[in-house]
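Overview (structure and organization)
Spelled out, the chains give:
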Amino acid sequence: MRAQGLDRGRPERTGPVTMRQYLQVVNRLGLLQIDSVNVLARAHLMPVFSRLGPYDPALLDRAAGRAPRRLVETWAHEASFVPPETYRMLGWRRRAYRTSAWGTIRDVPIAHAAEVAEIRGLVAAHGPVTASQIQAYFEAEHPRTRTEWGWNWTVAKRVLEYLFFTGEVAAARRNAQFERCYDLAERVLPAAVLASPEPSDDEALRGLVEIGARAHGIGSAKCLLDYFRLRGPAATRALDELVEDGVLLPVRVEGWGRAVYLHRDATVPRQSAARTLLSPFDPLVFERRRLEELFGLRYRIEIYVPEHKRVHGYYVLPFLLGEHLVALVDLKADRRAGVLRVHAAHRTPGAPGGEGADVAAALATELRVLAGWLGLSDVQVGGAGSGASGELAAALADALSGVTTGL
């Protein structure tokens, strides 16, 4: 939690969060995973809120959408925002697209060779452009289809995502509809980064493993490598070299029958003052086995689970209080009504952290803060015309009736 910047609680502020403070959080985490689900707030916006409290999301738009860019998009953990220097460390993945990309992208040069050349030229001439703008040029020859579920991409989108994966184009910004606006990579990346020599594959892997280790503080090999989805002998060799150099220290964790490593700069706080909600895509909860072993929480994202089979809800956020994950809340931003709705509120099985009323009171305060950040005027337990599930719901409703401020 210290490594993740979650042990000290929300800092006192006399003014808005600055770009410097925002980037300090991102650099500490190493990346922000991108997810388009907007039932509450987009996933890449939440980790900074969890650590700093309310901030202006326009800071991300400025950092990733204006030159000189301080953050760029790439495939890291999944699709992620990363510092430009980290983008350079991932060059080996872009070059190895034949083995690291999935079929929709991997097969593009074979299935759409002519379109690749044409779209590359269109981006050079007209970028930044969206996939829908490029598709307009191809609609007659390659009409949009809606017969497939999921990755129902147009030809233009497939080609652009291939060029994005391989690094020929980059995301210059996102538009109001959250579409990538593609441009040539050399017009997106900062000049200093473009001019710097690209690290060797071995150097890059060492750098990525260390970023993951620094963000974890302590973790197994799987924890550290999974941060950037690293696989294979070269990644394992990079970890071993960091151990040989004293960057990673082999340690033991009670109950873990596998190798564990402590980053040499990791420090242990005497206590934790955390009180915050975590996105399902927060780096603290990336690795589910680690989460279950350290916090005793079996946590799954249930968006794609049929409603009658869901255990905790549709879009469920863990609530961190002190050093424990004490509750799970299913939240929805009802923007039309101006209400943050709590569809379910559960105590984490077996979690310490006080009585239910104490947890509910702390959670109520945090929900008010979250609602204010989202521009919502109220928090209600239950949906429009329906109640909320979970053994914490009633206590939370009582606590909310007594909470009047989101400060």
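Think of each chain on its own: its residues are numbered from 1, step by step along the sequence as written. The predicted nature of this model means local features are confined to residues of pLDDT at least 70 and side-chain atom pairs, given and counted, to a pLDDT of 80 or more, with totals for whole chains, interfaces and linings taken over all residues. Each side-chain value is worked out from all heavy atoms of the structure, with water and hydrogens disregarded.

1. Observations concerning the pairing of strand 11 (residues 324–334)
To keep it simple, the criterion reads: The rule is simple: take the accessible area with a 1.4 Å probe, protein chains only, and divide by the maximum for that residue type; under 20% is buried, over 50% is exposed, in between is partly exposed. Secondary structure is summarised from DSSP: a helix means a run of H or I of at least four residues, a strand means a run of E of at least two, and numbering begins at the N terminus for each. For two strands to be treated as a pair, DSSP must find no fewer than two bridges joining them.
Burial runs high along strand 11: nine of the 11 residues are buried. Across six bridges, strand 10 (residues 316–321) lies against strand 11 in antiparallel orientation. Within strand 11, the residue paired with Leu320 across the bridge is Leu325. Here strand 10 hands over to strand 11 after two residues, with Gly322 in that stretch at a positive phi of 65 degrees. Of the strand pairs in this sheet, strand 11 and strand 12 (residues 339–347) are connected by eight bridges, and their pairing is antiparallel. Along strand 12, the bridge assignment pairs Ala327 with Arg347. Connecting the antiparallel pair strand 11 and strand 12 is a turn made up of four residues, with Gly338 showing a positive phi of about 70 degrees.

2. A short note on the packing of aromatic side chains
Threshold: Note on ring pairs: Phe, Tyr and Trp rings are taken, using the six-membered ring of Trp, and paired if centres are within 6.5 Å. Classes follow the plane angle, with under 30 degrees stacked, over 60 edge-to-face and the rest tilted.
Under the criterion given, the structure shown has nine aromatic pairs. Where Trp75 meets Trp102, the ring centres are 4.9 Å apart and the plane angle is 75 degrees; that geometry is what we call edge-to-face. Of the two residues, Trp75 is situated in strand 2 (residues 72–75) and Trp102 in the loop between helix 6 (97–100) and helix 7 (103–106); the sequence distance between them amounts to 27 residues. Trp102 gets classed as partly exposed once you look at its relative accessible area, which sits at 27%. Each ring, one from Trp102 and one from Phe165, has its centre 6.2 Å from the other, and the planes form 90 degrees; the classification is edge-to-face.

3. Quick word on the nonpolar core
Note the following rule: Nine residue types can take part in a nonpolar core, namely buried Ala, Val, Leu, Ile, Met, Phe, Trp, Tyr and Cys, and a core is a set of them joined through side-chain atoms within 4.5 Å.
Judged by nonpolar contacts, the single largest core of 118 residues is most densely connected at Tyr22 and Leu331. It is helix 17 (residues 356–373) that provides the largest number of residues to this core, a total of 10 residues. In this structure, Leu278, Leu291, Leu297 and Leu325 belong to the second largest nonpolar core, which totals 13 residues.

4. Looking at unusual backbone geometry
With omega at -10 degrees, the peptide bond leading from Ala67 into Pro68 counts as cis. Within the secondary structure, Pro68 sits in the loop between helix 3 (58–65) and strand 2. Here the amide bond leading from Gly127 into Pro128 is cis, since omega sits at 5 degrees, within 30 degrees of zero. As for its position among the elements, Pro128 is in the loop between helix 9 (113–126) and helix 10 (131–135). With a phi close to 65 degrees, Phe178 is a non-glycine residue in the positive phi region. With respect to the helices and strands, the residue Phe178 is situated in the loop between strand 4 (169–174) and strand 5 (180–184). A residue is classified by how much of its surface remains accessible, and Phe178, at 15% relative accessible area, is buried. Its identity as a non-glycine residue notwithstanding, Arg229 has a phi of 55 degrees, on the positive side.

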